[in-house]
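The primary structure of each chain is shown beneath.
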Amino acid sequence: MIGSHTDVNERKNVERQLLHVSRHDTLTGLANRRSFDMAIAREIDRVARSGEPALLLALDIDHFKLYNDHYGHQQGDECLVKVAQKLQEVAQTFGDGMMARYGGEEFVGLFKVSDQASAMQLAQDLVKQVNAIGLPHAKSSTNPCVSISLGMCLSPSGVDRTLHTLIKQADDQLYQSKTTGRNRATLASFATTQTT
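What follows is about the overall build of the chain. Along the chain, the regular secondary structure elements total six helices and six strands. Traced from its N-terminal end to its C-terminal end, the chain shows the element sequence α-α-β-α-α-β-β-α-β-α-β-β. For the chain, buried positions account for 41% of its 196 residues. Expressed as a percentage of contacts within the chain between residues at least 6 apart in sequence, the contacts between residues at least 24 apart total 67%. Accessible surface computed for the chain: about 10300 Å², of which carbon and sulfur atoms make up 51%.

Attention shifts here to the packing of helix 3 (residues 64-71) against helix 4 (residues 73-93). At a minimum axis distance of 7 Å, the contact between helix 3 and helix 4 shows a crossing angle of 135°. Compared by their axis directions, helix 3 and helix 4 come out oblique. Here Phe64, Tyr67, Asn68 and Tyr71 of helix 3 come into contact with helix 4, specifically with His73, Gln75, Gly76, Cys79 and Leu80. Residue composition of the contact of helix 3 with helix 4, by class: five nonpolar, four polar and no charged.

Once that is clear, we can look at the environment of Met120. In this fold, Met120 is placed in helix 5 (residues 116-133). A sequence separation of 66 residues divides Met120 from Thr186, and the C-alpha atoms of the two residues are 8.3 Å apart.

The backbone of Arg182 shows a phi angle near 65°, a positive value even though the residue is not glycine. Looking at where Arg182 falls in the secondary structure, it is placed in the loop between helix 6 (163-179) and strand 5 (185-189). One non-glycine residue, Asn183, lies in the positive phi region at around 55°. Take Asn183: it is sitting in the loop between helix 6 and strand 5. In this structure Asn183 comes out as partly exposed when scored by relative accessible area, which is 22%.

What follows is about the confidence of the model for the chain. Reading predicted coordinates in detail is not appropriate for stretches of low pLDDT. In the predicted model, the chain carries a mean pLDDT of 86, and 82% of its residues have values of at least 70. No element of the chain has a lower mean pLDDT than strand 6 (residues 192-195), at 50, and none a higher one than helix 3, at 98.

What counts, and where the lines are drawn
- Residues numbered from 1 in each chain as written.
- Predicted model: local features only at pLDDT ≥ 70, side-chain atom pairs only at ≥ 80, totals over all residues.
- Heavy atoms only, no water.
- Helix = DSSP H or I, 4+ residues; strand = E, 2+ residues; numbered from the N terminus.
- Buried < 20%, exposed > 50% of the residue type's maximum accessible area, 1.4 Å probe, protein only.
- Contact = heavy atoms within 4.5 Å.
- Areas by Shrake-Rupley, 256 points an atom, 1.4 Å probe, with all protein chains shown as cover.
- Axes fitted to C-alpha atoms, helices over the stretch in contact; angles between N-to-C directions.
- Parallel < 35°, antiparallel > 145°, perpendicular 65-115°, else oblique.
- Nonpolar A, V, L, I, M, F, W, Y, C, P; charged D, E, K, R; others polar.
- pLDDT = per-residue confidence, 0-100.

This is the structure we're talking about:
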């Protein structure tokens, strides 16, 4: 009986580990793209039912290719890990939400926020705290340290949004942040755009 109990416990541990690996990015420990896609599908359903807004973030590390080329891929990986840790720290202070690595130096976030002011506060904290890491970036024309550009879409209550629409709007705002100087955040909500 003891051997049988041990086998069951070992199998459950292996299953938990496999489940964790299937849902998390192996380098950064953040949720992976698969987990994020499942979460945003659930969130769109929640917004449709409750009428409460959802905030989608799309962000990436400014001039990351230049960082990798200058410092090497090992340092690039360490940069990704440090940025991911900082993103997760800030996200946890905002309660109910998640950050995920979407691919390469691209990250996404999904949060329940009450209004545009809360969305902008979260964005400002993310940009500020990544700067505060103080990781030197000698090849950046934007900032002497590693920085991020961020785009956001706040899905208002009562408005039907699809996954594709939300991601496209957040991506469009990320592009806006990059073209207006990087190291900043831009929010799309209704017909307005705000930059900080």
